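Structure assessment
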Amino acid sequence: MISRMTIKFLTIGLIVVTLASASCSAEDGMDVEFVSQEFPGFTVTDSTDIENSADKFITVANISEMLSLIPDDGMIIKVNAFAIDNDGGGGIFQYHEAQTGINNGGTVIDGWVRQYDNNLINIKWFGAKGDGIKDDSIALQAALDVGGFIIFDKATYNIGTQLSINQPCSIDLNGATITSSTIMRLIAVNKNTTLTNGNITTTYASSSQSLFGIIESMNTSLDFLKLQDLFIDGGSNSEIDGIKIDCTVNNSIINDITIDNVVIENTGIMGIEIISHTGGMDDDLNHVNNVTITNLKTKNTGTISTYGMGISISGGVRKTVINGIIVDDFKDIGIENAGGKIFLCTNFEVKNPKLASDIFVATQQNQFYTSNENTVFMNGDIRGNGKINFKSDSNPIIVNNLQINGDVKIDAVNAVINNSTINTGNVIQSLDGGKLVINNTMVFFKSGISRFQANTSEIELNNVTATRTDDGMMIFCDTGSSLSISYGKFTDGYIQVDSGSTGIIKNFEYDSVGSGNGFIGLGSYTFSFVFSNGVLIDNR
């Protein structure tokens with residue numbers, strides 16, 4: 001006769017759950033010892049009230065075995081695994097007859113309701129394997145469809161179909177990798193989402209010219225989207241962006257986009273592309289508002305496309321702040337702000353454009369292109385050949401503390417450059433009736449075409465020190481243009497002012513040996529003089 005039995009139990013709320021049980025009574029002459037057992041996520045206490053629960057609690061090996069039971073309403077069981085031992089998909093389930101037929105694949109399965117607290121959902125509950133081979137698309141999609149706080153195990157999850165975030169989610173990849181060799185558009189964001197701490201990669205090869213994003217949000221309305229601590233790899237072969245947010249259709253609106261500590265590499269087109277709308281600068285739809293991009297690095301963008309950018313902000317995005325970024329090895333445009341409103345870019349580095357041989361003559365080869373109001377660039381470092389377009393129809397674009405090394409051409413319409421150092425073998429010019437102001441800046445021109453130039457526009461140089469490596473042209477003021485120089489110092493080169501141009505030059509030191517039209521200086525002088533219609537009036 002059995003004389004003693006140990007009964008282990010736990011309590012969930014007011015329900016007492018036994019982990020092992022047997023029918024017994026005092027008449028059997030059996031001593032009963034109650035031993036509490038800890039179970040993650042639940043409070044376990046000693047209790048003698050097991051009479052009504054002992055016959056409801058059993059342990060089964062997996063979900064399939066659970067579904068083979070004929071349960072009573074309220075029955076509670078322990079499931080050891082989703083499919084096989086130690087796969088992370090087990091847990092405590094309670095049967096709710098009212099939910100029979102409901103199945104989301106992980107937290108409610110044909111009436112069996114998983115018992116969990118803290119609102120944390122583990123994707124292993126839905127059968128995700130994470131071996132980098134099995135297609136985990138169905139399991140991951142099922143977890144995303146439940147929404148809430150979703151956590152991954154650190155593993156590699158292969159997917160064969162696009163994942164869509166259709167419920168508000170906060171997703172912690174926990175160091176995991178989501179990867180695919182069969183699709184290029186991995187994650188579509190349709191609801192408020194935070195996605196952090198992992199890797200998203202594709203090796204899918206395509207020449208479809210489709211403008212997709214590895215992470216993409218299109219034609220939807222969100223209060224916020226946050227992408228943080230991510231590594232995104234496009235595999236070099238796909239016609240894709242790393243991150244694409246497009247609100248040009250269906251009046252979609254996204255507020256408060258945050259992209260922080262993200263690395264994007266090997267994308268066929270863009271690193272990041274954010275488009276508000278296509279209505280032009282005067283369209284106040286403002287479909288994308290408040291974009292913050294910090295601690296970003298893009299590398300090897302535009303690998304397939306005829307054009308490719310590090311970052312593109314376009315179509316009236318309202319308020320963009322970019323800080324602490326590196327754009328490296330891009331096809332033609334490092335940072336583009338086309339039509340955005342209120343744009344601040346600070347502490348940035350742009351280097352190694354791919355099309356160096358033709359970059360100074362091809363207008364699409366821009367390291368920056370901006371056509372908007374209220375734009376500021378600060379603390380930038382640009383290396384390599386390229387062209388910078390600073391164009392604004394209203395308020396001047398402000399550039400502070402810019403460092404340029406390479407044969408960089410600057411085209412400006414309404415821009416102010418302050419406290420910068422420019423070393424270039426190309427032209428710095430004002431265009432199209434606009435005005436370029438350069439203050440407190442050192443410029444080193446190489447030989448050849450490199451110079452300041454005003455083309456039917458204004459150029460103003462204040463406290464600018466400029467040096468050429470030969471005695472060629474330092475400044476060219478085209479017909480109908482205006483030149484103003486104050487407190488400047490030039491070494492080598494000459495100034496040419498065409499007929500019909502006007503200018504004022506004062507407090508100017510010119511140490512030059514050169515030849516040409518307009519102004520030629522020899523030695524070191526301080527001048528106060530005026531150019532008028534190409535004629536020098538000198539009151540030395």
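The structure reproduced in this document is the subject of the present report. The written sequence of each chain sets the order in which its residues are numbered from 1. With pLDDT at 70 or above as the cut-off, local features in this predicted model cover only qualifying residues; side-chain atom pairs require 80 or more to be listed or tallied, and sums for whole chains, interfaces and linings still use all residues. With hydrogens and water stripped out, all remaining heavy atoms of the structure feed into the side-chain values.

Now for the overall build of the protein. Counting its regular elements, the protein contains two helices and 45 strands. Expressed as a percentage of the 540 residues in the protein, the buried residues total 52%. Contacts in the protein between residues at least 24 apart in sequence constitute 48% of all its contacts with a sequence separation of at least 6. Areas reported here follow the Shrake-Rupley algorithm with a probe of radius 1.4 Å; residue values treat only the protein chains shown as occluding. Summed over all atoms, the accessible surface of the protein reaches about 22,000 Å², with 48% contributed by carbon and sulfur. Here a strand is any run of E in DSSP of at least two residues, a helix any run of H or I of at least four, and the numbering for each starts at the N terminus. Exposure classes here rest on a 1.4 Å probe applied to the protein chains alone. A residue is buried below 20% of its type maximum, exposed above 50%, and partly exposed in between. Residue contacts are defined here by distance: any two heavy atoms, one from each residue, within 4.5 Å place the two residues in contact.

Along an α-helix, a turn takes 3.6 residues, which lines up residues three or four apart on a common side. The buried fraction of helix α2 (residues 137-146) is high, at seven of ten residues. Among the residues of α2, those classed as buried are S137, A139, L140, Q141, A142, A143 and L144. Looking at the buried side of α2, the elements it contacts are β10 (131-135), β11 (148-151), β12 (156-158), β13 (163-165) and β14 (169-172). Looking one or two residues past α2, G147 carries a phi angle of roughly 80 degrees, positive in sign.

Our next topic: the environment of D131. Position of D131 relative to the elements: it lies in strand β10. Once the C-alpha coordinates of D131 and A155 are considered, the two residues, 24 residues apart in sequence, prove to be 6.8 Å apart. Whenever two N or O atoms come within 3.5 Å, that pair is a polar contact, provided that in protein one can donate a hydrogen and the other can accept it, and provided that, for residues adjacent in sequence, both atoms are side-chain atoms. Within the local environment of D131, its side chain forms a polar contact with the backbone nitrogen of K134, the two atoms lying 2.9 Å apart.

Across the ten residues of strand β17 (residues 193-202), eight count as buried, placing the element largely inside the fold. Should DSSP find at least two bridges between two strands, the strands are taken to pair. Note: β14 against β17, four bridges, orientation parallel. Bridging from a neighbouring strand, S170 pairs with T194 of β17. Strand direction decides the pairing type here: strand β15 (residues 177-180) and β17, joined by four bridges, are parallel. The partner of I178 across the bridge, within β17, is I200.

Next up on the list: the nonpolar core. Grouping buried Ala, Val, Leu, Ile, Met, Phe, Trp, Tyr and Cys residues that are joined through side-chain atoms within 4.5 Å yields what is termed a nonpolar core. Core analysis: the biggest nonpolar cluster contains 102 residues, and F152, I293, F452 and F490 have the highest contact counts within it. Apart from residues no more than four positions distant in its own chain, F152 is found in contact with I123, L140, Y157, I171, D172, L173, N174, A176 and I178. Among the nonpolar cores identified, the runner-up in size contains ten residues, and V60, I63, V79 and I109 belong to it.

This next bit is on the packing of aromatic side chains. For Phe, Tyr and Trp, rings pair up if their centres lie within 6.5 Å, where Trp contributes its six-membered ring, and each pair is then called stacked (planes under 30 degrees apart), edge-to-face (over 60) or tilted (otherwise). Applying the stated rule across the entire model yields eight aromatic pairs. Their ring planes at 55 degrees and their centres at 5.7 Å tell us that F343 and F377 sit as a pair that is tilted. Taken together, the residues F343 in strand β27 (residues 341-353) and F377 in strand β29 (residues 373-383) connect sequence positions 34 residues apart. F377 matches F343 in its accessibility class, with the two residues each being buried. Joined through ring pairs, the aromatic side chains of F343, F348, F377 and F390 make up one cluster.

Put simply, a salt bridge is a Lys or Arg side-chain nitrogen that is within 4 Å of an Asp or Glu carboxyl oxygen. Using the criterion set out here, one finds twelve salt bridges in the structure. Two residues, R383 and D381, come together in a salt bridge whose shortest N-O distance is 3.6 Å. For R383, a relative accessible area of 34% puts it in the partly exposed group. The partner of E458 in a salt bridge is K435, and the shortest N-O contact between them spans 4.0 Å. Here E458, found in strand β38 (residues 458-468), pairs with K435, found in strand β36 (residues 435-445); they are 23 residues apart in sequence, far enough to count as distant. Its relative accessible area of 36% is what places E458 among the partly exposed residues. Look at the salt bridges and you will find they share partners, linking E349, K351, D381 and R383 into a network.

This next bit is on the pairing of strand β22 (residues 272-275). Here β22 shows no split at all, with I272 and I274 on one side and E273 and I275 on the other all buried. Pairing of strand β20 (residues 240-246) with β22, which is carried by four bridges, proceeds in the parallel orientation. Note on β22: the bridge partner recorded for D246 is I275. Summarising the sheet, β22 and strand β24 (residues 309-314) pair through four bridges and their orientation is parallel. For E273, the partnering residue across the bridge sits in β24 and is S312.

Position of K244 among the secondary structure elements: in strand β20. Look at K244 and you get buried, because its relative accessible area is 3%. Separated by 3.0 Å, the side chains of K244 and E273 make a polar contact.

For the rest of this paragraph, the subject is the environment of I121. Of note, I121 is situated in strand β9 (residues 120-122). Each C-alpha atom, one on I121 and one on G147, is 8.4 Å from the other, the two residues being 26 residues apart in sequence. Excluding residues within four positions of it along the chain, I121 makes contact with Y116, F126, V146, G147, F149, I150 and I151.

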